[in-house]
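# An overview of the molecular structure
Below are the chains, spelled out letter by letter.
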Amino acid sequence: MTDPSDPGQASVPPRGDLRRRVLAGEPTVGVFVGLGAPASAELVARAGYDWAVLDLEHGMGSVADLHAQLLAVQTTPTAALVRVPSVERLRIDRALDLGADGVMLPQVRSAAEARDGVSWMRYPPAGVRGVALITRGAGYGAVDHPAVAARVNESLLGVFQVESPEAVAAADDLAAIDGVDVLFVGPADLSHSMGMPGRFDDPDFTAALDRVVAACRRHGKVAGILLRDGASVAASHARGFTFLGVGSDVSFVITGARRELDAARETLRHA
């Protein structure tokens with residue numbers, strides 16, 4: 001873990017406070033950043049979210065934009081997570097070397113795939129991540145060889161997405177893996193892959209949610225979910241989800257723009 005009393009480590013990512021809070025069962029609220037712009041990332045972080053996911057899977061930004069976005073978020077207490085485009089060693093390694101506080105891995109379908117993902121997140125001997133102490137994610141050399149593996153490995157939050165029937169069926173095996181800290185349901189992908197697109201109240205869909213939550217509880221892990229808006233948090237939290245994603249910078253722009261346009265047109269109709 002980072003030692004805040006050490007000026008050489010105090011501001012060095014990855015910052016492990018989010019992982020500690022999440023695994024302690026504290027509810028956290030996060031946001032997705034899809035515009036790929038540092039200013040947008042900083043704006044949502046300054047709103048006070050616990051975490052922000054810089055989205056390289058569906059977002060408009062690329063790895064070339066990631067360093068600036070990480071810097072923007074990490075000027076605030078908000079943790080900066082990166083959703084990599086796919087579960088591959090070099091994609092995970094790159095996000096972590098740039099200084100992410102954790103990673104989100106999409107479309108995980110099996111325990112074998114999850115174990116690979118964890119191994120690529122962690123320095124040896126716990127994993128097989130390449131060791132380069134001069135990277136931002138290793139503190140630009142502020143931490144020496146004996147300490148870096150323990151400090152960084154224990155700081156990183158691992159979020160693994162459940163987006164298919166195969167992943168739901170494997171939820172117990174996934175949650176049992178050390179380093180799989182959060183099983184995060186993507187409702188849109190899961191409902192489509194289950195053949196019930198957008199039917200989030202279908203009994204089979206809600207049973208799948210309950211199965212994920214139960215697996216997390218059995219293994220001391222955390223269930224997460226992406227929600228459309230803040231009004232949806234209460235029901236999901238009551239169901240057992242504590243890692244709660246609420247919207248994105250893209251949805252906020254769309255919603256805000258439409259709301260203000262509707263208000264202006266309504267005013268003009270009555271002028």
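Refer to the structure printed above.
Along each chain, the written sequence defines residue order, and numbers are assigned to residues from 1. Only residues with pLDDT of at least 70 get local features here, since the model is predicted, and only at 80 or more are side-chain atom pairs given and counted; chain-wide, interface and lining totals rely on the full set of residues. Note: side-chain values were computed over all heavy atoms of the structure, leaving out hydrogens and water.

### Quick look at the overall build of the protein
Across its full length, the protein carries twelve helices and eight strands. Values of the radius of gyration come from C-alpha atoms, whereas the globule rule sets the reference at 2.2 Å times the count of residues to the power 0.38. In terms of C-alpha radius of gyration, the protein reaches 19 Å, essentially the compact-globule figure of 18 Å for 271 residues. Projected onto its principal axes, the C-alpha positions of the protein cover 70 × 45 × 30 Å. Every one of the 271 residues in the protein was classed for burial, and the buried ones make up 51%. Surface accessibility in these figures is a Shrake-Rupley result with a 1.4 Å probe; residues are shielded only by whichever protein chains are displayed. Accessible area of the protein: about 12100 Å², with a carbon and sulfur share of 57%. Under the DSSP-based scheme used, a helix requires at least four consecutive residues in state H or I and a strand at least two consecutive residues in state E, with every element numbered from the N terminus. Think of it in three bands: with a 1.4 Å probe and only protein chains considered, a residue is buried below 20% of the maximum accessible area for its type, exposed above 50%, and partly exposed in between.

### Things to note about the packing of helix α4 (residues 89-97) against helix α5 (residues 111-121)
Convention adopted: a line fitted to C-alpha atoms gives each axis, helices being fitted over their contacting stretch, and angles between N-to-C directions are expressed from 0 to 180 degrees. Close contact between α4 and α5 brings their axes to 9 Å; oriented N to C, the two are set at 40°. With respect to each other, α4 and α5 are oriented oblique. Relative to α5, the crossing made by α4 is right-handed. Within the contact between the two elements, α4 uses Arg89, Ile92, Asp93 and Leu96 and α5 uses Gly117, Trp120 and Met121. Polarity classes work like this: nonpolar for Ala, Val, Leu, Ile, Met, Phe, Trp, Tyr, Cys and Pro, charged for Asp, Glu, Lys and Arg, and polar for all others, with Gly in that last group. Taken together, the residues of the contact of α4 with α5 break down into four nonpolar, one polar and two charged. Oblique is the label for every angle not falling under 35 degrees (roughly parallel), over 145 degrees (roughly antiparallel), or within 65 to 115 degrees (roughly perpendicular). Crossings are sorted by hand: turned counterclockwise from the far helix by less than a right angle, the near helix makes the crossing left-handed, and turned clockwise it makes it right-handed. The contact criterion used throughout is that any non-hydrogen atoms of two residues lie within 4.5 Å.

### Quick look at the packing of aromatic side chains
How two aromatic rings sit relative to each other is set out by the distance from centre to centre and by the angle between their planes. Here is the rule: rings of Phe, Tyr and Trp (six-membered ring for Trp) pair when centre to centre is within 6.5 Å. Planes less than 30 degrees apart are stacked, more than 60 are edge-to-face, and the remainder are tilted. Evaluated as defined, the whole model comprises five aromatic pairs. Measuring from centroid to centroid gives 6.1 Å for Phe32 and Phe184, while their planes differ by 40°, and the two rings are tilted. Of the two residues, Phe32 is situated in strand β1 (residues 28-33) and Phe184 in strand β6 (residues 182-185); the sequence distance between them amounts to 152 residues. Ring centres 5.5 Å apart and planes at 50° place the aromatic pair Phe200 and Phe205 in the tilted group. On the accessibility criterion, Phe205 (1% relative accessible area) is buried.

### Some thoughts on the sheet that holds β6
Pairing is parallel in the closed barrel, where eight strands are placed in the order β1-β2-β3-β4-β5-β6-β7-β8. Strand-to-strand twist of the sheet, defined as the mean angle between neighbouring strand axes without regard to direction, takes the value 25°. Sitting on the sheet, helix α3 (residues 63-73) is in contact with β1, β2 (51-55) and β3 (79-83), with an inclination near 155° to β3. The rule for pairing is simple: two strands pair if DSSP sees at least two bridges between them.

### With respect to the environment of His67
With respect to the secondary-structure elements, His67 resides in helix α3. Sequence separation of His67 and Val233 is 166 residues, and the distance between their C-alpha atoms is 31 Å. Those residues within four positions of His67 in sequence are excluded, and the remaining contacts are Leu98, Arg136 and Tyr140.

### With respect to the pairing of β1
Within a regular beta strand, the side chains point alternately toward one face of the sheet and then the other, so they alternate between its two faces. By the criterion of burial, β1 is predominantly enclosed, with five of the six residues buried. In the sheet, β1 pairs with strand β8 (residues 243-248) via four bridges, with the strands oriented parallel. Across the sheet, the residue bridging to Val29 is Leu244, located in β8. Strand direction decides the pairing type here: β1 and β2, joined by four bridges, are parallel. Residue Val33 lies in a different strand from β2, and its bridge partner there is Leu54. Considered for its hand, the β-α-β crossover made up of β1, helix α2 (residues 38-46) and β2 is right-handed. We call a crossover right-handed when, viewed with the strands running away from us, the connection from the first strand over the helix to the second turns clockwise.

### Concerning a nonpolar patch on the surface
Residues forming no salt bridge and having over 30% relative accessible area are the ones grouped into patches, like charges within 9 Å of each other and nonpolar side chains (Val, Leu, Ile, Met, Phe, Trp, Tyr) within 5 Å. Between Lys or Arg on one side and Asp or Glu on the other, a salt bridge is scored when a side-chain nitrogen of the former is within 4 Å of a carboxyl oxygen of the latter. A cluster of nonpolar residues, Leu35, Met60 and Val253, forms a patch on the protein surface that exposes about 290 Å² of accessible area. Structurally, Met60 is set in the loop between β2 and α3.

On their own, these measurements won't tell you what the molecule is for.
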